[in-house]
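Below are the chains, spelled out letter by letter.
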Amino acid sequence: MTIVVTGATGHFGRHAVESLLSRGVPADQIVAIGRSTEKIQDLADRGVRVQYASYDEPESLRKVFAGADKLLFVSASEPGKRIPQHQNVVDAAKDAGIGLIVYTSAPHADSSGMILATEHLATEQALAAAGIPSVILRNGWYLENYDLRGALEHGLVGAAGDGKLSLATRADLAEAAAAAVLADKHDKQVYELGGEGVTLAELAAEVSRQSGREVTYTNLPQDKYVEFLVGVGLPEGFAAVLADSDHHAASGALYTGTEDLAYLLGRPATPLADGVRAQLA
């Protein structure tokens, strides 16, 4: 069996490869691909087949997909470019005859209304149209999306109001992805994955509790949050996407419950307190 992991040079993909290895997959049965392969040279030293490929270069995808049985398709990282990039992946996977694709999507991609979900929903539809057996992992918000060390100095800022976000560690979600690729069968085609549901005010309170320093959450109108994000250096388009996600989180768009993640992990998700502690360490 050969498993291809896209985006393996990023944090999520790297975690997923490590999880496959820890679950006993022989290193030479894993193909870890990405654009900056020098970042994962250590995986190559351990026997993983590290190869260059880019979502923007269909021929590179066809080359690395040849002969593969399963694909962990980690979504691209550039909002606004994902639809053509992801179509390249789907087309190449279909041409290669890959038997299963596990794709990392967004929470409630078919109903949330988030700008972020649009490209993910289009990819889910492209997979369905291609007729490739697929499992959709609608990953909730990473706890690592929040700079908790920075929050010690500046507090948390957002536009999510009192909405609960099902925060999970990136490592948990990547481990769930590895488990999904290896599963012989699935109870669901679509999993809504998330950890403990908390408001951002509750997250700030947990940071306060563990650090012994007062950390507050400041809730801003969506447009003011865009201004804030641009002010700290984010490109305006990306800032708008994040602020839109926060706006929808206020009405539950980033709340998933914990059941699906626990099912794939075979254990409860990492408690929020443990995830916060690890970030502050």
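Going by the structure above, here's the rest.
Residues numbered from 1 in each chain as written. Predicted model: local features only at pLDDT ≥ 70, side-chain atom pairs only at ≥ 80, totals over all residues. Heavy atoms only, no water.

### Considerations on the pattern of salt bridges
The test is simple: Here, a salt bridge means any Lys or Arg side-chain nitrogen found within 4 Å of an Asp or Glu carboxyl oxygen. Helix numbering and strand numbering both begin at the N terminus, where a helix is a DSSP run of H or I of at least 4 residues and a strand a DSSP run of E of at least 2. Between buried and exposed lies partly exposed: a residue is buried under 20% and exposed over 50% of the maximum accessible area for its type, with that area taken using a 1.4 Å probe on protein chains only.
If you walk through the whole model with that rule in mind, you get 18 salt bridges. Residue D110 pairs with R138 through a salt bridge whose shortest N-O separation is 3.2 Å. Note that D110 is positioned in the loop between β5 (100-105) and α5 (115-130) and R138 in strand β6 (residues 134-139), a separation of 28 residues in sequence. Relative accessible area serves as the criterion here: at 6%, R138 is assigned to the buried category. We note a salt bridge from E124 to R138, for which the minimum N-O separation is 2.8 Å. Of this pair, E124 sits in helix α5 while R138 sits in strand β6, and the two are 14 residues apart along the sequence. Each member of the pair, E124 together with R138, is buried.

### Section: the sheet that holds strand β1 (residues 3-5)
Using the following cut-off: Being paired, for any two strands, means DSSP has found at least two bridges between them. To define axes, lines are fitted to C-alpha atoms, for helices over the stretch in contact only, and angles between the resulting N-to-C directions are given on a 0 to 180 degree scale.
The seven strands lie next to each other as β3-β2-β1-β4-β5-β6-β9, forming an open sheet whose pairing is parallel. Across the chains shown, the open sheet's two edge strands, defined by having one partner strand only, are β3 (49-52) and β9 (190-193). Direction aside, the axes of adjacent strands within the sheet are offset by 20° on average. Relative to β6, β5 runs parallel, the two being bridged by five bridges. Paired with Y103 across the bridge in β6 is I136.

### Brief notes about the nonpolar core
One broad rule of soluble globular proteins: the nonpolar side chains tend to lie buried together. So the rule is basically this: Here, the term nonpolar core denotes a set of buried Ala, Val, Leu, Ile, Met, Phe, Trp, Tyr and Cys residues that are joined through side-chain atoms within 4.5 Å. By definition, residues are in contact when any of their heavy atoms lie within 4.5 Å.
With 36 residues, the main nonpolar core has V17 and L137 as its most contacted residues. Elements supplying a minimum of two residues to this core: β1, α1 (11-22), β2 (30-34), β5, β6, α7 (170-182), β9 and α11 (259-265). With seven residues, the single largest contributor to this core is α7. When neighbours within four sequence positions are excluded, L137 is seen to be in contact with V102, Y103, T104, S105, A177, A180, Y191, L193 and L264. Formed by 28 residues, the second largest nonpolar core is a distinct cluster that contains L165, V241, A249 and L272.

### Section: the packing of α1 against α7
To keep things clear, this is the line we draw: Should an angle fall under 35 degrees it is called roughly parallel, over 145 degrees roughly antiparallel, and 65 to 115 degrees roughly perpendicular, with every other angle called oblique. Left-handed describes a crossing whose near helix is turned anticlockwise from the far helix through less than a right angle; right-handed describes the clockwise counterpart. Residues are grouped as follows: Ala, Val, Leu, Ile, Met, Phe, Trp, Tyr, Cys and Pro are nonpolar; Asp, Glu, Lys and Arg are charged; all remaining types, including Gly, are polar.
For the pair α1 and α7, the least separation of the axes is 8 Å and the interaxial angle reads 55°. In this view, α1 runs oblique relative to α7, as classed from their interaxial angle. Seen from above, α1 lies across α7 with right-handed handedness. Of α7, the residues touching α1 (which contributes H11, F12, H15, A16, S19 and L20) are R170, A171, L173, A174, E175, A177, A178 and L182. Considered class by class, the residues forming the contact of α1 with α7 number nine nonpolar, three polar and two charged.

### Overview of empty space enclosed by the protein
To be explicit about the condition: Buriedness of a pocket was judged along seven lines, with at least five required to meet protein on both sides within 12 Å; pockets are open sets of points on a 1 Å grid over the protein atoms alone, cavities are sets where a 1.4 Å probe fits but cannot get out, and lining residues have an atom within 4 Å of a point. Grid points are joined across faces, edges and corners, and a volume is the space filled by probe spheres set on the points.
This structure, assessed with the given rule, holds one cavity of 30 Å³ or more. Taken as a whole, the largest cavity holds about 40 Å³ of empty space. Together, L143, L167, A168, T169, T270, P271 and L272 line the largest cavity. Of the residues in the lining of the largest cavity, the class split is five nonpolar, two polar and no charged.

### A word on helix α3 (residues 58-65)
Every α-helix winds through 3.6 residues per turn, so residues three or four apart in the chain are directed the same way. Under the convention used in this document: As used here, the arc is the angular range of directions from the helix axis to the C-beta atoms.
Those residues of α3 not exposed but buried are S60, L61, V64 and F65. One side of α3 holds all its buried residues, which, seen down the axis, span an arc of 125°. Projecting away from the buried face of α3 at angles above 90 degrees are the exposed residues E59 and K63. Looking at the buried residues of α3, the elements they touch are β1, β2, β3, β4 (70-73) and α4 (82-96). Backbone geometry just downstream of α3 places G67 in the positive-phi region, at approximately 85°.

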